[in-house]
Amino acid sequence: MKILYIVKTQLHYYPPCISQIRMLKDLGYDVEVLYGTSNDSALKLLGQENIPCHKISNINDKADSKVTKLKDWYKFRKGVLNELKKYPKDAILWFGTAESALPMKGALNGKRYILSLLELLDDCPQKVKMLKSIVQDALAITVCEETRGYIMRSWWNLSKIPYVFPNKPYNQITDCRHEPSISETKKVIERIKDKKVILYQGILQNTDEILEVAESLKEMQEEYTLLLMGIDKYHSVDKIKEIYDKVEYVSYIPAPYHLEITSYAHIGIVFYRDDCLNKVFCAPNKIYEYSGFGIPMLANNIPGLKNTVGNAGAAECIDMKKDNIIKSIKKIEADYATYSANAKKFFAGTDNFETMKEMMEKIENDLYKDK
């Protein structure tokens, strides 16, 4: 079966897409990738696994205006339709994100396709409305979190719950203190390898919680290093350093190499605001990236974290205020081996490869049952 996996922009920004592509390849499917933009690391990773990747249009990573966005949609749509002429008509299209499928609205009649929805989009009602016909005509829908699947079934009157693929990286390294393989990770690891690291990885966007962590570590007067790994979108690192002087900052390491640094962490931080359902029922990569190494977590008290790593005993889920943070760090340290073992058990409990196998077998059986 020929599968064309399609991602409009920033393929490298979507580890769940990379994981799905690699799983399809390992299941024996003839998979190729059509993309608008990507960095070299994602293309190199897929190329090493003999997965062809084809750039199909010259578009922007992010549109700076509605006019630019509409132009990019048109160029992407035209590029996809032109590229499809090179492939058999019975090829399965797989749209890796909602943003990859939306420009194709009205052009998918008679085509067989799968759609992955990485976000709930409850804060984008116009997109939810536009997606309805695309979703209803898909061979299958995949989501990253179960509750999101139930919400989407209600929105679009689906006959069944979408397939759930939690954001667990495929074939993730899991050995602690992993030997660095590139110069960028080697430099960072040299700085942190002898320190007790509390790690936050992700865009530094909402930093009130990180500031509370910094205040907590300052008061505890322990030898923790607070490692911040991600884009400092609002110049927050300097504010954090003003509070706590044992801060290390890494702006960007291409995935999956960033996990080499993660493997040196002692405790991981993960939190999301509760201002929309997409965040309340979050589906972070981080909880798997941390738990794969047996790293206990300090998390905030929302369903997406409480019902996963919290219930697994791999994290302390709290209101992220100083007193709670200090108490939770001490609680984790007092029984670190148990938290770590629970984290590893949580990681092992998700088998996306088996879900992929079941889903594709069901699709094949439905397509070819009369042949």
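What you are looking at is a predicted structure, and each value in this text was computed from that prediction instead of being measured.

(A) Examining the overall build of the protein chain more closely. Counting its regular elements, the protein chain contains 16 helices and 13 strands. Judged by the C-alpha coordinates and their principal axes, the protein chain covers about 65 × 40 × 40 Å. Scored against the burial criterion, the 371 residues of the protein chain give a buried share of 54%. Here the contacts in the protein chain between residues at least 6 apart in sequence split such that 67% fall between residues at least 24 apart. When the accessible surface of the protein chain is split by element, carbon and sulfur atoms take 47% of a total near 17500 Å². Taking the average place of the 53 positive charges on the side chains of the protein chain and the average place of its 50 negative ones, the gap between the two points comes to 6 Å.

(B) Representation of the environment of S65. Relative to the elements of secondary structure, S65 occurs in the loop between β3 (53-55) and α3 (66-84). By relative accessible area, S65 is classed as partly exposed at 33%. One polar contact links S65 to T68, side chain to side chain, over a distance of 3.0 Å.

(C) Molecular detail of the pattern of salt bridges. This structure, assessed with the given rule, holds 17 salt bridges. K75 is the partner of D72 in a salt bridge, and the nearest nitrogen-oxygen pair spans 3.9 Å. On the criterion of helical spacing, the pair formed by D72 and K75 is a turn pair, its members being three residues apart in helix α3. Between K362 and D366 there is a salt bridge, with its nearest N and O atoms 2.7 Å apart. Of this pair, K362 and D366 both sit in helix α16 (residues 352-368), separated by four residues, roughly a single helical turn. Residue K362 is classed as partly exposed on the basis of its relative accessible area of 36%. A cluster of three or more residues bridged by salt bridges with shared partners is formed by K2, D30 and E32.

(D) Highlighting the sheet that holds strand β13 (residues 315-318). Here we have six strands laid out as an open sheet, ordered β10-β9-β8-β11-β12-β13, and parallel in their pairing. Looking at which strands have only one partner, the edges of the open sheet turn out to be β10 (247-250) and β13. In this sheet, adjacent strand axes meet at a mean angle of 20 degrees when their direction is disregarded. As defined by bridge partners, strand β8 (residues 196-201) adjoins strand β11 (residues 267-270) across three bridges and the pair is classed as parallel. Along β11, the bridge assignment pairs I198 with I267. Where helix α8 (residues 208-220) meets the sheet, its contacts fall on β8, β9 (224-229) and β11, and the angle it forms with β9 comes to roughly 165 degrees.

(E) Focus on the pairing of strand β2 (residues 30-35). Where burial is concerned, most of β2 is hidden: five out of the six residues are buried. Pairing of β2 with β3 involves three bridges; the strand directions are parallel. Residue pairing in the sheet places L34 in a bridge with H54 of β3. Considered for its hand, the β-α-β crossover made up of β2, helix α2 (residues 40-48) and β3 is right-handed.

Parameters and conventions
Residues numbered from 1 in each chain as written. Predicted model: local features only at pLDDT ≥ 70, side-chain atom pairs only at ≥ 80, totals over all residues. Heavy atoms only, no water. Helix = DSSP H or I, 4+ residues; strand = E, 2+ residues; numbered from the N terminus. Buried < 20%, exposed > 50% of the residue type's maximum accessible area, 1.4 Å probe, protein only. Contact = heavy atoms within 4.5 Å. Areas by Shrake-Rupley, 256 points an atom, 1.4 Å probe, with all protein chains shown as cover. Lys, Arg positive; Asp, Glu negative; His and termini not counted. Charge placed at Lys NZ, Arg CZ, Asp CG, Glu CD. Polar contact = N/O pair within 3.5 Å; in protein donor to acceptor, adjacent residues only side chain to side chain. Salt bridge = Lys/Arg side-chain N within 4 Å of Asp/Glu carboxyl O. Pairing = 2+ DSSP bridges. Axes fitted to C-alpha atoms, helices over the stretch in contact; angles between N-to-C directions. Right-handed = clockwise from strand over helix to strand, strands pointing away.

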